[in-house]
Amino acid sequence: MSTKSELYADVRKQILAVVAGETSETARYATAACLLRETFGDRYFWTGFYVVDPAKGDELVVGPYQGTMGCLRIPFGKGVCGAAAATGETQLVEDVHAFPGHIACDSRSNSEIVVPVPGRDGKLAAVLDVDSTEFGAFDTEDQAGLEAICGALLTVD
Ligand code: SME
């Protein structure tokens, strides 16, 4: 039985091997959402990306995901995803109901982690949002594992 950090290291290798050389960012996001959900199963209730809308600059629009219906757009600064986009920092939230401005796309979600995804220019391209039906489902090991994946997702050749 692998530890959580071993699972993250393995899925990171798989994702980066599949997306290397791929020119479509959508294909890269879709691959990561799929393989993360395959690896962590039901622990990841909603797994996917909100991408910076180039037409607006300060708004996220839903990208590839696995899970129940997500809301389509999130302004920078709103909810957990918007906070990650506005600050450029990972948001680890044990109880989403206590988070100011949390957007309840699905009322079954109780905790979440949102990790920024840098583009090739080093600027924010998207955020990865993972939600759980459990409270306090994510810890600093999840944060380290997901940051390692998101940091390389769009830049690996
Ligand atoms: N929970 C997020 C909204 C997106 S979804 O849950 C899919 C937030 O507050 O940013």
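The coordinates are above.
Residues numbered from 1 in each chain as written. Predicted model: local features only at pLDDT ≥ 70, side-chain atom pairs only at ≥ 80, totals over all residues. Heavy atoms only, no water.

Can you tell me about the environment of Leu-7, naming the residues and giving the values?
The topology assignment puts Leu-7 in helix 1 (residues 4-19). The class of Leu-7 is partly exposed, set by a relative accessible area of 28%. Leu-7 sits 65 residues away from Leu-72 along the chain, and the two C-alpha atoms are 30 Å apart. (Helix = DSSP H or I, 4+ residues; strand = E, 2+ residues; numbered from the N terminus. Buried < 20%, exposed > 50% of the residue type's maximum accessible area, 1.4 Å probe, protein only.)

Go over the packing of aromatic side chains with me, naming the residues and quoting the values.
A full pass over the atoms with the stated rule returns six aromatic pairs. With 4.5 Å between their ring centres and 35° between their planes, Tyr-8 and Phe-40 make a pair best called tilted. A residue pair is termed long-range when its members are at least 10 positions apart, and Tyr-8 in helix 1 and Phe-40 in helix 2 (residues 25-40) qualify at 32 residues. For the pair Tyr-8 and Phe-40, a shared accessibility class is recorded, and that class is buried. With a centroid separation of 4.9 Å and 15° between ring planes, the pair formed by Phe-40 and Tyr-44 is classed as stacked. Judged by relative accessible area, which is 10%, Phe-40 ranks as buried. (Phe/Tyr/Trp six-rings, centres within 6.5 Å; stacked < 30°, edge-to-face > 60°.)

Quick rundown of the pairing of strand 5 (residues 111-118)? Include the residues and the values.
Among the eight residues of strand 5, seven are classified as buried, and the element is accordingly described as predominantly covered. Following strand 5, the chain reverses through five residues before pairing antiparallel with strand 6 (residues 124-132); Gly-122 in that reversal takes a positive phi of roughly 85°. (Pairing = 2+ DSSP bridges.)

Tell me what's going on with the site of the ligand, and back it up with residues and numbers.
Surrounding the ligand, one finds Trp-46, Tyr-50, Ile-74, Gly-79, Val-80, Cys-81, His-102, Ile-103, Cys-105, Glu-112, Asp-129 and Asp-131. Here Glu-112 contributes a side-chain N or O atom positioned 2.7 Å from a nitrogen atom of the ligand. Coverage of the ligand by the protein chains reaches 98% of its 310 Å² of free accessible surface. Residue assignment for the shell around the ligand shows that the elements contributing at least two residues are strand 1 (46-52), helix 3 (79-87) and strand 6. In terms of residues, the shell around the ligand owes the most to one element, helix 3, which gives three residues. Class assignment of the residues belonging to the shell around the ligand gives a composition of seven nonpolar, two polar and three charged. (Near = heavy atom within 4 Å. Polar contact = N/O pair within 3.5 Å; in protein donor to acceptor, adjacent residues only side chain to side chain. Areas by Shrake-Rupley, 256 points an atom, 1.4 Å probe, with all protein chains shown as cover. Nonpolar A, V, L, I, M, F, W, Y, C, P; charged D, E, K, R; others polar.)

How would you sum up the pattern of salt bridges? Please name residues and give values.
One pass over the full model with this rule turns up nine salt bridges. Across the salt bridge formed by Lys-4 and Asp-142, the nearest N and O atoms sit 2.8 Å from each other. Taken together, the positions of Lys-4 in helix 1 and Asp-142 in helix 4 (residues 140-153) put the pair 138 residues apart, joining distant regions of the chain. Here the two residues Lys-4 and Asp-142 agree in accessibility, since each one is buried. Each of Lys-4, Arg-43, Asp-139 and Asp-142 takes part in a single network of salt bridges with overlapping partners. (Salt bridge = Lys/Arg side-chain N within 4 Å of Asp/Glu carboxyl O.)

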